[in-house]
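Coordinates in review
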Amino acid sequence: MLNSEFAMKDLGPLSYFLGIAVIRHTCVLFLSQMKYAAEIIERASMSSCKSTFTPVYTKPKLSASAGVPYEDPTRYRSLAGALQYLTFTRPDITYVVQQVCLFMHDPRVEHMNVLKRIIRYIQGTLDYGLHLYPSSTSTLVSYTDADWGGCLDTRRSTSDYCMFFGNNLVSWSAKRQSALSQSSAEAEYRGVANVVAESCWLRNLLLELHCPIQKATLVYCENVSIIYLSGNPVQHQRTKHIEMDIHFVREKVARGQVRVCHVPSRYQIADIFTKGLPSVLFEDFRNSLSIRKPPVMTAEVC
């Protein structure tokens with residue numbers, strides 16, 4: 001039908017697109033940028049480097065004025081920009097890539113050391129990629145968190161979320177907020193508003209694809225006060241500065257399109273997008289995001 005309207009060719013089953021390799025195997029669709037990641041390592045002249053278990057330290061965050069200026073800012077910007085594209089199939093490095101990209105205007109030696117650690121981590125997980133599986137459920141489930149005042153230079157917070165359609169990760173983000181938040185609750189509520197807006201877009205997209213979502217989108221967050229605010233019709237004086245976000249989320253909750261729920265910190269998957277984690281917890285959350293090695297080629301039938 002498309003060919004009747006546009007000049008186009010049928011190139012067969014999808015296998016490679018814009019640097020992303022697509023491998024179909026029984027019950028798995030595996031997305032990988034292994035070749036692209038290897039090119040980044042080669043460009044950084046780190047082919048023989050030792051690998052690390054995590055892409056970021058658990059120590060305090062970076063500052064724009066930390067240390068001395070890096071001698072080759074162009075090289076830093078080139079590598080940081082390349083790593084941004086790698087996050088398309090490697091959500092596990094989203095947080096730290098977002099951090100190093102904050103200093104592209106004036107990179108320091110310490111910033112470059114963090115960037116090199118990312119590459120060392122990629123070296124040890126070169127063949128990892130994003131797995132997509134057939135799912136019997138068609139619900140949207142999201143996890144959201146915020147790092148209140150985490151930026152040492154501006155004291156702005158970082159909002160993050162990850163969203164699953166059924167059992168598959170389909171959307172994720174780690175972004176510094178555009179305005180200061182006066183409390184952790186305010187920072188996290190802005191994060192909830194962001195993920196609710198994303199869920200509305202996905203619900204509309206699925207509706208156009210004739211796959212409407214019947215159940216409410218579940219939004220999991222750690223802060224109990226956020227849950228109360230999302231369902232309480234009483235407007236508190238201390239929340240007037242985020243009134244738009246509150247009304248937006250409450251409207252979706254009232255319509256039954258969204259449910260805001262509590263999740264303990266131990267199971268808050270979104271933490272992988274806001275901070276450096278110990279290796280055991282990081283690997284657990286990475287596995288929850290379906291970032292794993294390629295599927296084993298067997299003769300199983302799905």
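For clarity, every value in this text was computed on a predicted model and none was experimentally measured.

Thresholds, definitions, all that
- Residues numbered from 1 in each chain as written.
- Predicted model: local features only at pLDDT ≥ 70, side-chain atom pairs only at ≥ 80, totals over all residues.
- Heavy atoms only, no water.
- Core = buried A, V, L, I, M, F, W, Y, C linked by side-chain atoms within 4.5 Å.
- Buried < 20%, exposed > 50% of the residue type's maximum accessible area, 1.4 Å probe, protein only.
- Helix = DSSP H or I, 4+ residues; strand = E, 2+ residues; numbered from the N terminus.
- Contact = heavy atoms within 4.5 Å.
- 1 Å grid on protein atoms, 1.4 Å probe; cavity = no way out; pocket = protein on both sides within 12 Å on 5 of 7 lines; lining within 4 Å.
- Points joined across faces, edges and corners; volume = space filled by probe spheres on them.
- Nonpolar A, V, L, I, M, F, W, Y, C, P; charged D, E, K, R; others polar.
- Pairing = 2+ DSSP bridges.

1. Regarding the nonpolar core
- Among the nonpolar cores identified, the biggest contains 52 residues, and I122 and L289 are the most heavily contacted of them.
- At seven residues, helix α4 (residues 109-124) tops the list of elements feeding residues into this core.
- Not counting the four nearest positions on each side in its chain, L289 is found in contact with P91, L130, C162, F164, L169, I269, I272 and F273.
- Formed by 17 residues, the second largest nonpolar core is a distinct cluster that contains Y161, V196, V249 and V260.

2. Thoughts on empty space enclosed by the protein
- Taken as a whole and judged by the stated rule, the model has one cavity of 30 Å³ or more.
- Taken together, P55, V56, D92, Y95, V96, I272, K275 and F282 form the lining of the largest cavity.
- Across the lining of the largest cavity, the residue classes tally to six nonpolar, no polar and two charged.

3. A closer look at the pairing of strand β5 (residues 140-147)
- Burial of β5 is extensive: eight of the eight residues sit out of reach of the surface.
- Residues L140, S142, T144 and A146 of β5 are buried on one face, and the alternating residues V141, Y143, D145 and D147, pointing to the opposite face, are buried as well.
- Here eight bridges tie β5 to strand β6 (residues 158-165), and the two strands are oriented antiparallel to one another. Each residue of the ladder has a partner; that of A146, found in β6, is S159.
- Strand direction decides the pairing type here: β5 and strand β8 (residues 217-221), joined by three bridges, are parallel.

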